[in-house]
Structures are given as structure tokens and as C-alpha cells.
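Chain residues, written in single-letter form:
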Amino acid sequence: MPSVRELAHKFKCSTITVVRAYKELEGEHFIYAVPKSGYYLVSKKGEKLESDSEIDFSTVLPDKELIPYKEFHHCLDQAMNKNKDELLSYGYPQGLPSLIDSMKRHLEDYQVFCKASQIAITSGSQQAVNILNKMDFPEGKDTVLIENPTYERMIKNLELNRTRTVGIERKFDGIDFQELEKIFKNENIKFFYTVARFHNPTGGSYSVEEKKEILRLADKYNVYIVEDDYLVDLDTKTKNDPIYAFDTRGRVIYLKTFSKILLPGLRVAAAVLPDDLMGQFLKYKQWSDVHTSILPQGALEIYMENGMFKQSKARFQKKYRERMRYLKGICDNFDPEILRANVPETGFFVSLESRKRVNPDKFIKDLAAKGVTIKDTRSSFMARNECMNLIRISVSRTDTSQIEEGVNCIYDYFADLAKATLT
């Protein structure tokens with residue numbers, strides 16, 4: 001870059017003004033300083049560009065164009081100064097007190113009203129789930145109920161912890177409540193893990209009435225509910241309250257992650273627990289990692305308090321609502337006898353259900369040859385079947401042209417299968 005004196009002369013300003021401008025550019029990571037040499041542009045060479053030819057329906061990572069990297073980098077720099085004392089010592093097992101206070105106010109936007117003493121900051125929602133799977137619950141209950149299919153990492157976590165697990169089938173239109181009551185009544189269920197909003201992998205959400213019924217049955221049979229509300233920030237329905245909002249008897253454990261709307265590598269989440277579970281939860285957490293990393297906690301607090309989070313959330317909501325509307329327009333033209341679609345108003349996931357069951361290994365390989373990548377949904381089920389007819393599509397990193405090409409490619413695949421069957 002030009003020297004300070006050179007720019008001061010060119011723009012007829014003081015050298016102090018130029019130095020201040022360079023410092024601001026350095027703070028935004030456009031340039032860097034070399035002592036006794038000068039200022040240099042940050043090189044953009046070597047950045048890998050993603051191929052436009054590949055359509056990735058498998059990833060759950062948020063769109064790179066929407067991730068507020070520079071803004072959060074700024075918050076990290078500020079947190080280094082603000083939380084200096086905490087960084088020079090061991091932190092708090094429950095979480096950074098100032099973040100917990102900020103989190104309490106933040107959760108109220110989602111109709112999650114709680115005391116600060118009920119919030120624990122964890123190293124991602126996976127740590128919270130792992131602790132809940134391991135720890136003892138009141139009355140010594142030892143069985144976990146999950147929706148089938150569900151988030152694959154939950155299944156793997158239960159397997160690794162050797163937790164006795166039962167499942168309840170979740171279809172496009174939800175679950176069978178008579179079956180749910182039967183399980184609650186006859187099994188030793190310590191908690192029911194549910195993704196009530198934008199379910200992974202089906203994409204569906206429970207209605208308010210269904211949420212209340214789940215809670216009513218949990219109250220009746222003394223069962224806790226673990227509500228994983230991982231995509232609440234994408235929901236544009238202001239009255240679509242979580243199960244937690246209707247809980248008056250301390251039945252619901254609420255999990256909120258930030259990896260889908262901020263940086264996936266941030267690994268900061270909030271768990272809201274009933275008073276009678278917090279002590280046991282913190283006991284397990286303290287002896288597993290001492291405390292969640294201070295720096296990302298401090299940066300997240302600053303990010304939420306300065307209004308950046310709300311601005312970023314609005315951008316995410318707008319983009320994913322547009323993608324889902326576009327996708328729905330395509331799927332509405334499908335023959336339901338060939339492929340049935342469950343398209344939510346927003347979120348990451350859409351599920352497609354075919355009449356024809358296929359060998360997933362061959363299906364995934366055939367699509368990959370056409371440049372379309374999808375995830376093997378067998379990993380989302382408790383029992384791994386040889387065939388499948390449920391396809392999960394993630395639009396988290398696809399634009400409208402990729403969505404149209406990729407989804408039509410999948411439909412044509414099953415349409416050809418149907419024709420082959422008829423002939």
C-alpha cells in the first residue's frame with residue numbers, strides 16, 4: 001500500500017488521518033501491517049472456489065454467503081479485551097455470567113421464559129445431549145424415547161453410551177399419540193427427545209395442539225421432554241411457540257444452538273433445565289470439560305447485545321423462505337403416485353417419499369454420477385434397512401437454479417423406475 005506520507009500528500013490531509021484509516025482497514029482484515037515496512041493487502045489467493053456443477057443436497061452447514069464472518073471476527077477481538085480476566089483463569093461450569101444474563105433476554109424472543117439459574121452454556125448442543133444421556137434422572141428411569149427417524153448424531157450418541165432406547169415412528173403428518181401414550185405408560189422413559197420444529201430429516205413441525213398433547217402426556221406419566229429447537233431462528237411464524245412455552249411443571253429441557261445461523265465451528269449452545277436437574281447436569285459438565293470456551297462465549301454476548309444477531313437472523317430467514325417457496329413450486333407439479341413431498345415454509349430440510357423403494361447405495365451412486373449429492377437417510381433410523389423410500393434434501397447451500405436441476409433429477413429417477421415397472 002502507499003506510504004502514510006504519500007497518501008497524506010495526495011489527499012491533502014494529516015498523517016494522523018491516514019494512520020487512523022489504515023487502522024480501521026486493518027481492523028476489518030483488508031490489510032495488515034509489517035513493522036518498519038508498511039501496510040499490505042490481505043491476499044485472497046488460494047481461496048478454493050466451489051464447483052457450480054455439483055449440487056449438494058447433503059450438507060447441513062449454513063450458506064457461506066450468509067455467515068457473518070467479519071462481524072463475528074470483530075466481536076471476537078472485542079471479547080479478547082472485555083473478558084481478559086476470565087481468559088486468564090478457569091471459567092464457570094454453568095457459563096459466562098454476562099452471557100447467561102444476555103441469553104435469558106435473548107430466549108424470551110422465542111417465548112422461553114426462565115431464570116438465569118436454569119441456563120447452562122454448553123460446547124454445542126451435542127455436549128448437552130451427551131450429558132443428558134449419561135446423567136441420572138429422578139426416579140431412576142433409564143430409557144430414552146426418540147422419534148424414528150431422527151437426528152443421526154442422537155442415535156449414535158445413545159449407542160455409544162449404551163442407553164436403552166425405544167422409538168416412535170414419525171411420518172410426514174407427525175406421530176401416533178395413542179402409541180406415544182402406550183410407550184409412556186409401559187416403558188421406563190426418562191425423557192422423550194424430539195425435534196418439534198423443522199424435524200431432521202422429514203422437515204415437518206408439530207402444530208401447537210400437538211405440542212400441547214405431547215406435554216399433557218409427559219405430565220401424566222412423569223416423563224421429561226428434551227426439545228431440540230436447533231432451527232428456531234429460521235421460523236417466521238411469530239406464534240409458533242416451542243413446547244417449553246406451555247410447560248408449567250418443569251417437564252421440558254430446551255436446547256438452543258447457534259451453529260446453524262452463525263459459525264458452525266463456534267460450538268456454543270444453551271440448555272434450559274428444570275431446577276431439579278441443573279445440579280446433576282453441571283456435575284457431569286464440570287468433570288468433562290471444566291467450562292465452555294470463554295472467548296466464543298464473550299463474542300456471542302457482544303454479537304447479541306449490539307444488534308448484529310437480529311440483522312443476521314433476518315437475512316437468513318429471508319433467504320431460506322425464498323428457497324422453500326421456490327422448491328414448493330417445483331414439487332407441486334410432481335405426481336404424488338411417483339414422489340410425495342413434504343415442504344415446510346422455511347428451514348433447511350425437505351423430505352421426499354417414493355412409492356418405489358430403492359437400494360440406497362445404487363441410488364446415491366447414480367445421482368452422484370449426475371452431479372447430485374444426497375445423504376443416506378438410513379443413518380437417521382434406529383434400524384438400518386437395506387432399502388429406503390425417504391429422501392432428505394437440504395437446501396442450506398444451494399441456490400434456486402441448483403434446487404430446480406437437482407430436484408427434477410431425483411424426480412426423473414423415480415419416474416423412470418415407475419415406467420420400468422409398468423413395462
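One can find the structure itself at the top, above this paragraph.
Anyway, here's the lowdown on the structure attached to this text. (Residues numbered from 1 in each chain as written. Predicted model: local features only at pLDDT ≥ 70, side-chain atom pairs only at ≥ 80, totals over all residues. Heavy atoms only, no water.)

1. Side note on empty space enclosed by the protein
Right, so step 1: Here the structure, examined in full by the defined rule, presents two cavities of 30 Å³ or more.
Right, so step 2: Taken as a whole, the largest cavity holds about 40 Å³ of empty space.
Right, so step 3: For the largest cavity, the full set of lining residues is Y230, L231, D233, L234, T257, F258, K260 and I261.
Right, so step 4: Class assignment of the residues belonging to the lining of the largest cavity gives a composition of five nonpolar, one polar and two charged.
Right, so step 5: Lining the second largest cavity, in full, are F137, P138, E139, K141, K190, N222 and Y224.
Right, so step 6: Tallied by class, residues from the lining of the second largest cavity come to three nonpolar, one polar and three charged. (1 Å grid on protein atoms, 1.4 Å probe; cavity = no way out; pocket = protein on both sides within 12 Å on 5 of 7 lines; lining within 4 Å. Points joined across faces, edges and corners; volume = space filled by probe spheres on them. Nonpolar A, V, L, I, M, F, W, Y, C, P; charged D, E, K, R; others polar.)

2. Quick look at helix 9 (residues 208–220)
Right, so step 1: Along its 13 residues, helix 9 runs 18 Å from first to last C-alpha, staying within 8% of the 18 Å computed at 1.5 Å per residue.
Right, so step 2: If you check which residues of helix 9 are buried, you get E210, K211, I214, L215, L217 and A218. Seen along its axis, helix 9 keeps its buried residues to an arc of 165 degrees; they face one direction. Those residues of helix 9 that are exposed and angled more than 90 degrees off the buried face are E209 and K220.
Right, so step 3: Packed against the buried residues of helix 9 are helix 8 (177–186), strand 7 (189–194), strand 8 (224–228) and strand 9 (252–257).
Right, so step 4: Note on helix 9: the residue one or two positions beyond its end, N222, has a positive phi of about 55 degrees. (Helix = DSSP H or I, 4+ residues; strand = E, 2+ residues; numbered from the N terminus. Expected span 1.5 Å × (residues − 1). Buried < 20%, exposed > 50% of the residue type's maximum accessible area, 1.4 Å probe, protein only. Arc of directions from axis to C-beta. Contact = heavy atoms within 4.5 Å.)

3. Brief notes about the packing of helix 6 (residues 125–134) against helix 10 (residues 275–289)
Geometry of a packed helix pair, given as the angle between the helix axes and the separation of the axes.
Right, so step 1: At their nearest, the axes of helix 6 and helix 10 sit 10 Å apart, and the two run at 120 degrees to each other. The angle between helix 6 and helix 10 places the two elements in the oblique class. Considering only the axes of helix 6 and helix 10, their crossing is right-handed. Counted together, Q127, A128, I131, L132 and K134 of helix 6 and F281, Y284, K285, S288 and D289 of helix 10 form the full contact between these two elements.
Right, so step 2: In terms of residue class, the contact of helix 6 with helix 10 is built from five nonpolar, two polar and three charged. (Axes fitted to C-alpha atoms, helices over the stretch in contact; angles between N-to-C directions. Parallel < 35°, antiparallel > 145°, perpendicular 65-115°, else oblique. Left-handed = near helix turned anticlockwise from the far one by under 90°.)

4. Considerations on the packing of helix 8 against helix 9
Right, so step 1: Contact geometry of helix 8 with helix 9 gives a least axis separation of 10 Å together with a crossing angle of 20 degrees. Here helix 8 is positioned roughly parallel relative to helix 9, judged by the angle of their axes. Every pair of crossing elements has a handedness; the one defined by helix 8 and helix 9 is right-handed. Between helix 8, through F177, L180, E181 and F184, and helix 9, the contact on the second element is made entirely by E210, E213, I214, L217, A218 and K220.
Right, so step 2: Within the contact of helix 8 with helix 9, the residues separate by chemical class into six nonpolar, no polar and four charged.

5. A word on the pattern of salt bridges
Right, so step 1: Taken as a whole, this structure holds 23 salt bridges when the rule is applied.
Right, so step 2: K375 is the salt-bridge partner of E152, the closest N and O atoms lying 2.9 Å from each other. With E152 in helix 7 (residues 152–160) and K375 in the loop between strand 13 (372–373) and strand 14 (388–394), this pair connects stretches of sequence that are 223 residues apart.
Right, so step 3: Judged by relative accessible area, which is 25%, E152 ranks as partly exposed.
Right, so step 4: The partner of D235 in a salt bridge is R197, and the shortest N-O contact between them spans 2.7 Å. Of the two residues, D235 sits in the loop between strand 8 and strand 9 while R197 sits in the loop between strand 7 and helix 9, which places them 38 residues apart along the sequence.
Right, so step 5: Each member of the salt-bridge network shares a partner with another, and the members are R197, D229 and D235. (Salt bridge = Lys/Arg side-chain N within 4 Å of Asp/Glu carboxyl O.)

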